[in-house]
Structure formats: C-alpha cells, structure tokens
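# What the coordinates show
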Amino acid sequence: MKFFFISLFTFYFSLAFSQTGYHSIGVLTGISANNSKFASVIFEKEGIKKFNLAYSLEAIRYSATTSTYDLKGNDNYVTAGFSLSSKLFYTRNYSSRIFFGAMAGTNNSYFVWYPVIGFKQNVNLSPKLSLLFQQRGAYIFNLPQHNWQASLHIGCRFIL
C-alpha cells in the first residue's frame, strides 16, 4: 500500500511539472492599412488548458495620412498591455492561435487605449526559435482620425 501511494504521489507531481509550459520572448514589427507602424516586444507564458498569457510593450508610429507608405509619422505612442490566446490548430512545426487583449499608453499629450483581437501563426524553425506572423485588428480610442488599425506583423520568438 505504501508503494501505491508513493507511485501515485510521484505520478501526480510529474504531471504537474510537465504541464508548466514554456516562456518565450517575441520581437515583432508591423504596418497597418492606415500607414501606422508598430514595433513590439512580447513575453508569453503558456498556461493551463492550452491558453497563453502574453504581456506586450509596443511602440506605435501613428500617421494621419494614408496616401503613401513611408516611415514618417505624426505621433509616437508607447503602450503596454496583455492578451490571452488559445490554440486553434497545431502540428509538430506549426501552430495557429486566436488572441484578444487590451493595450493602453500615451505620447505625453494624449492617453490612448485599445482592444486587440487577431490571429497568430508560429512556424518552428528550431526547438528554441520560431517565426511569428500576426494579423490583428484594433480600435484605438482618442486618436484624431483613423481609429481602426488593421495590421500585419512579422517577427521571431525565442523560447527561454
């Protein structure tokens, strides 16, 4: 009986340790349909039941003109926030997720905040490196115009 409880106890804690997940850091850059540019750093932690929690720090180079795509911008915003994602589809070297979250920040004159929803795809290049693609939509409150920001991001993710 003693052996049974020891083996059950060991089995229970080995499952708990194997389900702790991974931590990763991602670096992304992107552009929106409204000519705004994005640069992001994301810390992501895999959680319970295939849900991930990510903390983001993002710089936005907001542009009020949509005539041409260039590197100029009217305002620079720095935002921080979080998102929750869930797996939609995955294989050995690929995973697709849906995510939603919220961000808030400022340019020292205006406070902006926005909900974020989108899809992201990870393509594993090695056990510690992934190529990351994101398609997302955001509605940024307190902007003078072009509040809808549909954007495409590309970057890489390093698993710690």
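Below is a short write-up of the structure. (Residues numbered from 1 in each chain as written. Predicted model: local features only at pLDDT ≥ 70, side-chain atom pairs only at ≥ 80, totals over all residues. Heavy atoms only, no water.)

### Some remarks on the overall build of the chain
A count of helical and extended segments in the chain gives 1 helix and 8 strands. When its helices and strands are written in sequence order, the chain yields α-β-β-β-β-β-β-β-β. By the burial criterion, 35% of the 160 residues in the chain qualify as buried. Across the chain, every contact between residues at least 6 apart in sequence was considered, and the portion connecting residues at least 24 apart equals 49%. Total accessible area on the chain stands at roughly 9900 Å², and carbon and sulfur atoms take up 70% of it. (Helix = DSSP H or I, 4+ residues; strand = E, 2+ residues; numbered from the N terminus. Buried < 20%, exposed > 50% of the residue type's maximum accessible area, 1.4 Å probe, protein only. Contact = heavy atoms within 4.5 Å. Areas by Shrake-Rupley, 256 points an atom, 1.4 Å probe, with all protein chains shown as cover.)

### Structural notes on the nonpolar core
Ile60, Tyr62, Tyr77, Tyr114, Val116, Ile140 and Leu143 are the most contacted members of the largest nonpolar core, which has 13 residues in total. Listing elements by their share of this core, those giving two or more residues are strand S3 (51-62), strand S5 (94-106) and strand S6 (111-126). Ranked by the residues each element gives to this core, the list is headed by S6, at 3 residues. (Core = buried A, V, L, I, M, F, W, Y, C linked by side-chain atoms within 4.5 Å.)

### A closer look at the pattern of salt bridges
All told, the structure shown has 3 salt bridges when counted by the stated rule. Across the pair lysine 120 and glutamate 44 runs a salt bridge, and its minimum N-O distance is 3.0 Å. Here lysine 120 is found in strand S6, whereas its partner glutamate 44 is found in strand S2 (residues 37-46), with 76 residues between them in sequence. As far as burial versus exposure is concerned, lysine 120 and glutamate 44 are alike and both buried. Arginine 157 is paired through a salt bridge with glutamate 44; the nearest N and O atoms lie 3.7 Å apart. (Salt bridge = Lys/Arg side-chain N within 4 Å of Asp/Glu carboxyl O.)

### Points about the layout of surface pockets
Over the atoms rolls a probe the size of a water molecule, and in doing so it shows where empty space is left. Volume-wise, the largest pocket comes out at about 200 Å³. Those elements that place two or more of their residues in the lining of the largest pocket are strand S4 (75-90), S5, S6 and strand S8 (148-159). Of the residues forming the lining of the largest pocket, the biggest block, 3 residues, is contributed by S5. The residue inventory of the lining of the largest pocket, partitioned by class, reads 4 nonpolar, 4 polar and 5 charged. (1 Å grid on protein atoms, 1.4 Å probe; cavity = no way out; pocket = protein on both sides within 12 Å on 5 of 7 lines; lining within 4 Å. Points joined across faces, edges and corners; volume = space filled by probe spheres on them. Nonpolar A, V, L, I, M, F, W, Y, C, P; charged D, E, K, R; others polar.)

### Concerning empty space enclosed by the protein
Inspection of every chain in the model, using the stated rule, returns 2 cavities of 30 Å³ or more. Counted as a void, the largest cavity has a volume near 140 Å³. What lines the largest cavity is a set of 15 residues, and nearest its centre among them are Ile42, Ser56, Phe99, Gln134 and Arg136. Counting residues per element, the ones that place at least two in the lining of the largest cavity are S2, S3, S4, S5, S6 and strand S7 (129-139).

### Describing the pairing of S8
Note that strand S1 (residues 23-32) and S8 share 9 bridges and pair antiparallel. If you follow serine 24 over to S8, its bridge partner there is isoleucine 159. Both S7 and S8 contribute to a ladder of 11 bridges, which runs antiparallel. Bridging across to S8, leucine 132 finds its partner in glycine 155. (Pairing = 2+ DSSP bridges.)

Shape descriptors only; they carry no functional weight alone.
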